[in-house]
Number of protein chains: 2
Amino acid sequence: MPELRKDMVRNNWVVVATERALKPNDFPINKKDVSYETETSSIHCPFCEGNESYTPPEIFAYRDENIPKNYPGWSVRIIPNKFAAFELTGELKQEVSGVFSSCNGVGHHEVVVETPEHGTEFHEFNLNRIELIINTFIIRYNVLLKDPRIKYIQIYKNRGLFAGASLDHSHSQIVGLPIVPEQNKGLTEYYLENERCLLCDIIEQECMYKKRIVYETELFLVICPYASRFSYEMWVLPKEHREHFGDISENEVKELSVVIKKATSVIVDCLNNASYNFIINTSSVNTPQNPSDHWFVEVIPRLIVPSALEVSTGYYINPAAPEVSAELLRKEFKNID
Amino acid sequence: MPELRKDMVRNNWVVVATERALKPNDFPINKKDVSYETETSSIHCPFCEGNESYTPPEIFAYRDENIPKNYPGWSVRIIPNKFAAFELTGELKQEVSGVFSSCNGVGHHEVVVETPEHGTEFHEFNLNRIELIINTFIIRYNVLLKDPRIKYIQIYKNRGLFAGASLDHSHSQIVGLPIVPEQNKGLTEYYLENERCLLCDIIEQECMYKKRIVYETELFLVICPYASRFSYEMWVLPKEHREHFGDISENEVKELSVVIKKATSVIVDCLNNASYNFIINTSSVNTPQNPSDHWFVEVIPRLIVPSALEVSTGYYINPAAPEVSAELLRKEFKNID
């Protein structure tokens, strides 16, 4: 019988298989191609070196000091998102009209073009490039938090059609939100009740249980979480409690690069080239300090499209037991060594 | 600038475009085929007449009294879901293990095979068949609520790959949950604060504003909701306040059939054959009566795959202004008359 497991971080339920895990080839989605690419789209790709004029002016780039902005010769390039969900203009204002209420979308939305090369994917990058990308995230995180209108910084990557990507050229995104999303409110609730960090306690318990561990380094633990919302979902948990992603150490950047490269490689190579997301969870900014927060990375293969049951109830249905998924992933992580 | 609109029903925020609506052809998803179908899969379809032995024994069917169960000769057929998220065995038990807690998946999950004919889709059915399907939903709703272990009955349809369907043969599903999902908690909160039904108030305000109305009948109002989570999303709101879907009148069944046929036809014909869901929202059962609930139907085209931003923040991003979408849909509803 499937099991309802409490997702303590989101304070919600997930329906999970308990003994079996749908095999990578059994997901119907895997019959489809994950790419949007057509011949025309790659020629006109706005993220390619040489096509800098197709994008809004760049915000930041790693480039030779002698080369002017918005020209070729860069390594990682940040540009405003042309279809931004948020714009940093004016102050946040709430409007009420009868039963309805709204805020203007004051915030920030940028794209991190991870490589000048079209067709090389994140998991194929060498570790230097992945470190450079993570360091770019940290730089931008610490710049954006200086704007008091921004209350939460969301860094994420959509790779492939079923992960919500709309361009194939490898990129990630950074959003500055004017309000704090309540998705991870379970962390606060747990802290209020126990005066302890939920993720620190989870790390302790998973290290004893062992069956959901995928990989371990000196500074990180990779697990298939107990209440995995997505099949073969992985959490990359820093062992040291730190609230803000922007505060991570140089050694953490190095190890995180290794782990994320492995996790994305395994998804592409062993889960049938699945679409995936990664999400950096962190603490809110320009708000009172919240000791219950503990930054971590979710790496989510998108093997299933959420159906009406997920949309209506809010409960994810996961046909792959996290314990069985972890066993498979653990082997694959080793094979990559 | 996009706008953050409060989704009062879910007590959450949605980021919506305010002036423009992405045109049906502009959604990248529309480049893909919505079908899973391959030649082999349609020959072995377990929902086809003649293939009754491929499914678990039927629960209920509209069929000639002289024909035995699990044989051809039916019109609508209900069978257990072979990959059930819930099973009706034993009592609900909660288990705690350190920081983790779970319940066994006590509940019910069935499939309504809407037609014996492979290849005829819901929007192509005549009104008699759609009424028969809705009446089947009502019969099953009222049977399932007799089991005190079931606390919420979720009726829904997944059509197409991007709506989470895994078989092409037209079908819908009914789930009996052992706990009440909190998705629509905004209805209760509004009632506690105002001693009024939120949906009744929304109907009143939308009738005055007019711009978000798609269609109106004597008993129903079809709108693009103010805080639409999905592009071109429609809500079918019964004007008469009734908590339970299972209590609807014969006239409501007749009008609902007309409206749902129109809505699904418009999605297939005018939104590039988009995948879609419909969801029947209703009140919980075997729980204290909740006067804040007001049953209604959501019809959701799936033109966008939720990206990491949606998964991480819980805020849907909708690039189609509901006011502009409603104008387009209003015309299309008229064209179908």
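Everything numeric in this text was worked out from a predicted model, so none of it was measured.

Moving on to unusual backbone geometry. All names here are of chain B. Positive phi is not limited to glycine here, since Asn70 has a value of about 65°. As for its position among the elements, Asn70 is in the loop between strand 3 (60-63) and strand 4 (74-80). Classification of Asn70 as partly exposed rests on a relative accessible area of 27%. Of note, the phi angle at Asn286 is positive, near 55°, even though the residue is not glycine.

Here we come to helix 3 (residues 185-194) of chain A. All names here are of chain A. Along helix 3, the residues classified as buried are Gly186, Leu187 and Tyr190. The buried side chains of helix 3 occupy one side of the element, clustering within an arc of 105° when seen end-on. Looking at the packing, one finds that the buried side of helix 3 touches helix 4 (198-209). Positive backbone phi, at 55°, marks Glu195, one or two positions downstream of helix 3.

For the rest of this paragraph, the subject is the UniProt feature "active site" (unreviewed entry) in chain A. Residue and element names in this part refer to chain A. Following the UniProt record, one finds the feature "active site" (unreviewed entry) at His171. Positionally, His171 belongs in strand 9 (residues 171-177). Leave out the neighbours within four places in its chain, and His171 touches Phe47, Val111, Val112, Val113, Glu114 and Lys157.

As a further point, take the pattern of salt bridges. Here the structure, examined in full by the defined rule, presents 38 salt bridges over all chains. With a shortest N-O distance of 3.0 Å, Glu114(A) and Lys157(A) are connected by a salt bridge. Residue Glu114(A) is found in the loop between strand 7 (108-113) and helix 2 (127-144), and its partner Lys157(A) is found in strand 8 (residues 152-159); the two are separated by 43 residues along the sequence. Here Glu114(A) falls in the buried class, since its relative accessible area comes to 0%. The shortest N-O distance in the salt bridge between Arg196(B) and Glu204(B) comes to 3.8 Å. Judged by relative accessible area, Glu204(B) falls into the partly exposed class, the value being 48%. A single network of salt bridges, built from pairs that share partners, joins Glu3(A), Arg5(A), Glu206(A), Arg212(A) and Glu323(A).

Parameters at a glance
- Residues numbered from 1 in each chain as written.
- Chains lettered and ligands numbered in written order.
- Predicted model: local features only at pLDDT ≥ 70, side-chain atom pairs only at ≥ 80, totals over all residues.
- Heavy atoms only, no water.
- Helix = DSSP H or I, 4+ residues; strand = E, 2+ residues; numbered from the N terminus.
- Buried < 20%, exposed > 50% of the residue type's maximum accessible area, 1.4 Å probe, protein only.
- Arc of directions from axis to C-beta.
- Contact = heavy atoms within 4.5 Å.
- UniProt positions renumbered as here; feature names shortened; annotations may be inferred.
- Salt bridge = Lys/Arg side-chain N within 4 Å of Asp/Glu carboxyl O.

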